[in-house]
Amino acid sequence: MGYRQKHAIPDLGVGVGFRVPHFTHVLGERPPMDWFEIISENFMVRGGRPIANLGRLLETYPVVPHGVSLSIGGTNPLDRDYLAKLKKLVEWLEPPWCSDHLCWGGTGSVNIHDLLPLPQNRKVVEHVADRVKKVQDHLGIPFALENVSSYMSYRESDMPEWELVAEVAERADCGILFDVNNVFVSAHNHGFDPNLYIDAIPVDRVVQIHLAGHTDKGRYILDTHSDFVRDEVWALYARAIRRAGAVSTLIEWDDEIPEWDVLSAEAAKARELRRATLAEAPGAEARP
Amino acid sequence: MKNLSEIQAFVARSVQRRDPLPPDPAAAREAELALVGNARLSAVEMLDVYREQFFLRHVGALREDFPALEHMLGDAGFDDAACAYLAAIPPRDFSLRDLGARLPGFLREAAPWSADPRHADLARFEWAYVDAWDAPDAPPLDPAKIAAMPEDGWARARVVFHPSLTLLDLCIPAHRYRAAVRAGEPVEPPSLERTMCAVYMGHETLECAELEPGAYALVTRLARGVPLGAACEEAVAETRAEPAAFEAEIGGWFQGWTQRGWVVDLT
Ligand SMILES: [Fe+2]
């Protein structure tokens, strides 16, 4: 039995991130949207407006928390205070899963607040998988790791990135948040074929897909979440959906955030592509 | 470099350097020990992508939280202060929300900013807004509590204030300056002028109220848990007010605080 089936991971449809410029519109008008993703840390606070806003969001929409600061690949001990706050949030939201990134974000002496890639090797797989198991035990709900965009490669890497993702997920028995734009960005920056990545991911573990826009900096591509999803990324998305079936999908737009209608239209585009792709490949939907 | 913690310590150290790494031959050599360049970027250029992002992200977050301070220091001046702060007190908390918590103290201690008390006070004022935004909630005072208070109970009563309330005794009218900056109005940095005020979460928005010296002297004592009777005596002594005149003001002040939702309990 696949991971999604075993944990009864639902297909939430296509959603968007819950971001400040849209708070008033979303909470006031309650526009149609399949689901929302929140940045966990923004709501791991004492109270006030953030918590009030999230409470109102929950009245209408499914909400899934997505973290950026777990630093699962770090070498300093997992932050107990962080995990306690995350658990409290998860207990309140009761989401079908929660997620963070396959990366590291700091050392004992500094938090870089970035999603730094990890060396791709067997030792790192073991290191990360052990920590994922602790996090999953602590949270008590399905937990997924997202592949990150990367701009550097380590001397200590001896396997492709997709192997690191797959091995960690298998060994830790966790889910994958598959960011198709990140695949494109890393493939461009490191010069590999993104299709190999898409085809190598253990699709039964993919609980969610991210789509986003990026910025071409000339010599490399930066994952900025500041634009429309590019055509090449839509094509990779269709390829991923063909393999994975109906997986919850989310449009990330975090910088130069457009009007609600523009964001909503981008979600509608994903919804339509997903529908059309699954209609062409009916076998995919049945796959767990 | 083989060991994961050694590699991470190296990367963490490198991304915190303010100047671009590629022009530094030593940095380029060191980067080669941990990273492998490709046709697009050399090892040190890869590292520099993260270094650049480190400053964009953290200085950007500080800019968002301290708009009036940025206005006072100017673009480049704010960059200098923010970078010096990040170097002296590297970010430790998991959330960027807490990044600026120690900036007021830094500006008070560190040259050249320490020479002008307006810097630290403006930062202290702006930080109160960050703190008020996600302060725990508390329902307003139940009017029945006031009704139930016996006449002779007031002197021993303690007032509990809303957790979002920060009381500030500043050397500048920071509230007027920040409001003008945020409204995009042309405004000069304020001159020294002692200003007492309170920042708090209003009904839906963050608010600031200026306080007269007597009210400030009283409310700060009450907020420290001093019972009403003793707090009044101390406030009268400090402000050298005429006791009867001071006492005549208290009812009005208290009503104002309650209306703004500052008072959440009487014990
Ligand atoms: Fe993502």
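Residues numbered from 1 in each chain as written. Chains lettered and ligands numbered in written order. Predicted model: local features only at pLDDT ≥ 70, side-chain atom pairs only at ≥ 80, totals over all residues. Heavy atoms only, no water.

**Q** Help me out: how do you make sense of the nonpolar core in this one?
**A** For soluble globular proteins, the rule of thumb is that nonpolar side chains tend to be buried together. Leu57(A), Phe178(A) and Val180(A) are the most contacted members of the largest nonpolar core, which has 145 residues in total. If you tally residues by element for this core, the top one is helix α3 (residues 43-65) of chain B, at 11 residues. The next biggest cluster of nonpolar side chains, apart from the first, holds 32 residues, and it includes Leu167(B), Cys232(B), Ala235(B) and Val263(B). (Core = buried A, V, L, I, M, F, W, Y, C linked by side-chain atoms within 4.5 Å. Buried < 20%, exposed > 50% of the residue type's maximum accessible area, 1.4 Å probe, protein only. Helix = DSSP H or I, 4+ residues; strand = E, 2+ residues; numbered from the N terminus.)

**Q** How do you make sense of helix α8 (residues 174-182) of chain B when you look at a structure like this?
**A** Residues and elements named next belong to chain B. Taken together, the buried positions of α8 are Ala 174, His 175, Tyr 177, Arg 178, Ala 180 and Val 181. The inward-facing, buried residues of α8 contact α3, α4 (67-88), α6 (117-133), β2 (166-170), β3 (195-201) and β4 (206-210). Of the residues flanking the end of α8, it is Gly 184, one or two places downstream, whose phi is positive at about 75 degrees. (Contact = heavy atoms within 4.5 Å.)

**Q** Is there a simple way to think about the coordination of the iron ion in this case?
**A** Six octahedral donors around a metal ideally sit at 90 or 180 degrees from one another, while four tetrahedral donors ideally sit at 109.5 degrees. Residue and element names in this part refer to chain A. Summarising the metal site, the iron ion is bound by the protein donors Glu 146 (OE), Asp 179 (OD), His 210 (ND1) and Glu 252 (OE), whose distances to it range over 2.0 to 2.4 Å. Taken together, the four donor atoms coordinating the iron ion and their angles of 84 to 169 degrees define a geometry best described as irregular. The motif formed by the donor residues of the iron ion, counted along the single chain, is E-x32-D-x30-H-x41-E. You can see Glu 146 sitting in strand β7 (residues 143-146) and its partner His 210 sitting in strand β9 (residues 206-212), a full 64 residues away along the chain. Both residues of the pair, Glu 146 and His 210, belong to the buried class. (Donors = N, O, S within 2.8 Å, 3.2 Å for Na, K, Ca; no water. Tetrahedral: all angles 85-135°; square planar, octahedral: opposite > 155°, others 65-115°.)

**Q** How should the interface of chain A and chain B be read in this particular structure?
**A** Often the size quoted for an interface is simply the accessible area lost on bringing the parts together. Contacts between chain A and chain B engage 47 residues on the former and 46 residues on the latter. Together, the buried faces of chain A and chain B total about 4,000 Å²; carbon and sulfur atoms form 56% of this surface. Counting the contacts that link chain A with chain B gives seven salt bridges. One can count 28 residue pairs in polar contact (both at pLDDT 80 or more) joining chain A with chain B. For the side of chain A that touches chain B, the elements supplying multiple residues, two or more each, are α3 (48-58), α4 (80-93), β6 (111-116), α5 (122-139) and α7 (180-190) of chain A. Counting residues per element, the side of chain A that touches chain B draws most heavily on β6(A), at six residues. Across the side of chain A that touches chain B, the residue classes tally to 18 nonpolar, 19 polar and 10 charged. (Buried area = accessible area lost by both parts, 1.4 Å probe. Salt bridge = Lys/Arg side-chain N within 4 Å of Asp/Glu carboxyl O. Polar contact = N/O pair within 3.5 Å; in protein donor to acceptor, adjacent residues only side chain to side chain. Nonpolar A, V, L, I, M, F, W, Y, C, P; charged D, E, K, R; others polar.)

**Q** What is the right way to read the pairing of strand β12 (residues 249-252) of chain A from this model?
**A** Looking along a regular strand, one sees side chains alternate from face to face of the sheet. Residues and elements named next belong to chain A. Judged by which residues are buried, β12 turns out to be covered on both faces: Thr 249 and Ile 251 on one side and Leu 250 and Glu 252 on the other are all buried. Sheet topology note: the strand β1 (residues 14-17)/β12 ladder contains three bridges and is parallel. Across the sheet, residue Gly 15 finds its bridge partner in β12, namely Leu 250. With four bridges joining them, β9 and β12 adopt parallel strand pairing. (Pairing = 2+ DSSP bridges.)

**Q** Help me understand the state of the cysteines in this model?
**A** Covalent bonding between the sulfur atoms of two cysteines defines a disulfide. If you walk through the whole model with that rule in mind, you get zero disulfides over all chains. With no disulfide of its own, Cys171(B) has Cys197(B) as its nearest cysteine by sulfur position, at a separation of 11 Å. (Disulfide = S-S within 2.5 Å.)

**Q** Whenever I open this one, the packing of aromatic side chains confuses me. Can you help?
**A** The relative placement of two aromatic rings is captured by the distance of their centres and the angle of their planes. Per the counting criterion, the structure on display carries 25 aromatic pairs over all chains. By the ring-pair criterion, three or more aromatic residues cluster together here, those being Phe18(A), Phe23(A), Phe36(A), Phe43(A), Tyr61(A) and Trp260(A). (Phe/Tyr/Trp six-rings, centres within 6.5 Å; stacked < 30°, edge-to-face > 60°.)

**Q** Even after reading the chapter, I still don't get the side chain of Arg221(B), so can you show me in this structure?
**A** Residue and element names in this part refer to chain B. Topologically, Arg 221 is positioned in helix α9 (residues 213-223). Side-chain polar atoms of Arg 221 contact the side chain of Glu 234, separated by 2.8 Å. The residues contacting Arg 221, other than those within four sequence positions of it, are Val 226, Ala 231, Glu 234, Ala 235 and Glu 238.

**Q** Even after reading the chapter, I still don't get the packing of helix α1 (residues 4-15) of chain B against α3(B), so can you show me in this structure?
**A** Between two packed helices, both the angle of their axes relative to each other and the distance between the axes serve to describe the pair. Residues and elements named next belong to chain B. Viewed as axis vectors pointing N to C, α1 and α3 meet at an angle of 55 degrees, and their least axial separation amounts to 8 Å. What the angle tells us is that α1 and α3 run oblique. Here α1 and α3 pass one another in a crossing that is right-handed. Contact residues: Phe 10, Val 11, Ser 14 and Val 15 in α1; Leu 47, Tyr 50, Arg 51, Phe 54 and Phe 55 in α3. (Axes fitted to C-alpha atoms, helices over the stretch in contact; angles between N-to-C directions. Parallel < 35°, antiparallel > 145°, perpendicular 65-115°, else oblique. Left-handed = near helix turned anticlockwise from the far one by under 90°.)

Purely spatial values, then, with no claim about function.
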